[in-house]
Amino acid sequence: MSAHGTAEDAVLGDLGEAGVLEAILPSAPRSRAVTLGPGDDAALVAAPDGRVVATTDVLVEGQDFRRDWSSGADVGWKAAAQNLADVAAMGAFPTALLVGLAAPPALPVAWARDLVEGLTACCEPWDVGLAGGDLSAADQVVVSVTALGDLRGGEPVLRGGARPGDVLALAGVLGHSGAGLALLAEGLAGSEAVADGLLAAALVAHRRPAPPLGAGPAARVAGAHALMDVSDGLLRDAGRIAAASGVVLDLDESALDVDHPLLVAVARVLDEGVEPRERCLRWILVGGEDHGLLAAFAPGTAVPEGFRVIGTVRDADEGPSVLVDGRPLTAFGGGFDHFS
């Protein structure tokens, strides 16, 4: 150990690249699919289907997370969850992750170790392993994750297959992460009111979203025509299905769970002159980061367990769009965009 730090307070610069890897890799997730993991020039990941589903996301400190709002374990969990959700949104089973970490030399080693432990906590229930990655220095923390998946002989479910007459169904929750983010933005995370119960659950929903990963393959098996992860808000992501499929998606507001007790509890605590139901609807429509799965099924299909019907698919007489109870809803904007 360098004279600059003890085992308890060491930073990345004290250990160097090899020392950091030695400190964080023992807690990395393992899986049956990763037949050769970290330690060589490249990994080996089993692909019995003969095809590999692949997706990647980058989390940048200050843009996608704040270290004063989320622990290293929270960031690791979220980085894994959002990538695993994208694999599930193709109807596939996630198998492995590749993780890149760029960070200031002054970042505590404990934070990096927690990051890996958060990744592991999210991955292990789904038998997803760490195949490898990279480590570098940067002015702020950047976490890059690539997730791989297996279709097990099935065909991927794309965004562009929704058809007029289909029912639109959702697995997972809407608005909970947005409500948690609102508590953080208002500086209420440490208040007595948020110590437990629904408000604490909203913070967990933002810091550690729980995508319904099993619902993706279930939707594929049930014959879903279209499927995608709701990561940037329901309006924006439903709009992506509408555009790719050339249809109109008409959401049923009464099916969106606007009166969910968690959302209502957070809305009442904020109490800034905004009617609680309007605030809850905003979180549902544009909040993002809940990572539910949105699917279109043929009429008469028994939607898989965990899904609930939230709308219908119609012909796009005047171009693809998303409606709520038959009308455009533009007051809330279009959802999350990294560049706006």
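Rules used throughout
Residues numbered from 1 in each chain as written. Predicted model: local features only at pLDDT ≥ 70, side-chain atom pairs only at ≥ 80, totals over all residues. Heavy atoms only, no water. Helix = DSSP H or I, 4+ residues; strand = E, 2+ residues; numbered from the N terminus. Contact = heavy atoms within 4.5 Å. Areas by Shrake-Rupley, 256 points an atom, 1.4 Å probe, with all protein chains shown as cover. Lys, Arg positive; Asp, Glu negative; His and termini not counted. Charge placed at Lys NZ, Arg CZ, Asp CG, Glu CD. Core = buried A, V, L, I, M, F, W, Y, C linked by side-chain atoms within 4.5 Å. Buried < 20%, exposed > 50% of the residue type's maximum accessible area, 1.4 Å probe, protein only. Expected span 1.5 Å × (residues − 1). Pairing = 2+ DSSP bridges. pLDDT = per-residue confidence, 0-100. Salt bridge = Lys/Arg side-chain N within 4 Å of Asp/Glu carboxyl O. Axes fitted to C-alpha atoms, helices over the stretch in contact; angles between N-to-C directions.

A. Structural detail: the overall build of the protein chain. Looking only at helices and strands, one finds nine helices and twelve strands in the protein chain. The principal-axis extents of the C-alpha atoms in the protein chain amount to approximately 70 × 55 × 35 Å. Taking all contacts inside the protein chain whose residues are at least 6 apart in sequence as the whole, residues at least 24 apart take part in 85%. Roughly 14,900 Å² of accessible area belongs to the protein chain as shown, and the carbon and sulfur atoms make up 53% of that amount. Of the side-chain charges in the protein chain, 22 are positive and 46 negative, and the distance between the mean point of each set is 4 Å.

B. The arrangement of the nonpolar core in detail. Of all hydrophobic cores here, the largest spans 54 residues; its most connected members are Leu97, Leu101, Val141, Val143, Phe297 and Phe307. For this core, the leading source of residues is helix α2 (residues 72–88), giving nine residues. When neighbours within four sequence positions are excluded, Val143 is seen to be in contact with Asp57, Val58, Leu59, Val75, Ala79, Val99, Gly100, Leu101 and Leu115. Counting 45 residues, the second largest nonpolar core, distinct from the first, contains Leu174, Leu184, Leu294 and Val322.

C. Layout of helix α3 (residues 109–123). Its 15 residues give α3 an end-to-end C-alpha distance of 21 Å, which sits within 8% of 21 Å, the value for a rise of 1.5 Å per residue. Regarding α3, the residues found buried are Val109, Trp111, Ala112, Leu115, Val116, Gly118, Leu119, Thr120, Cys122 and Cys123.

D. Fine view of helix α5 (residues 197–207). Residues of α5 that are buried: Leu199, Ala200, Ala202, Leu203, Ala205 and His206. On the buried face of α5, the contacting elements are α2, α4 (176–185) and α8 (261–270).

E. Just the pairing of strand β8 (residues 226–230), in detail. Burial analysis of β8 places five of its five residues in the buried class, which makes it a mostly covered element. Sheet analysis places β8 next to strand β10 (residues 292–297), joined by five bridges and oriented antiparallel. In the sheet register, Val230 faces β10, and the bridge partner there is Gly292.

F. Focus on the confidence of the model for the protein chain. Here the protein chain averages 93 in pLDDT, while 94% of its residues score no lower than 70. Scored below 50 in pLDDT, residues 1–6 makes seven contacts in the model with residues more than four places away or belonging to other chains.

G. A look at the pattern of salt bridges. In this structure the tally under the stated criterion is 13 salt bridges. Notably, a salt bridge pairs Arg66 with Asp68, separated by 2.6 Å at the nearest N-O pair. Among the ionic pairs, Asp259 bridges to Arg277, the shortest N-O distance being 3.1 Å. Here the residue Asp259 occupies a position in the loop between β9 (247–251) and α8, and Arg277 occupies one in helix α9 (residues 276–286), the gap between them amounting to 18 residues. Where salt bridges share partners, they join Glu253, Asp259, Arg277 and Arg327 into one cluster.

H. Spotlight on the sheet that holds β10. Spatially, β8-β10-β7-β11-β9-β12 is the arrangement adopted by the six strands of the open sheet, whose pairing is mixed. Strands at the two margins of the open sheet, each flanked by one partner only, are β8 and β12 (321–324). Pairs of neighbouring strands in the sheet enclose a mean axial angle of 25°, with direction left out of account. Here strand β7 (residues 167–171) pairs with β10 via five bridges, running antiparallel. Bridge pairing in β10 links Val167 to Phe297.

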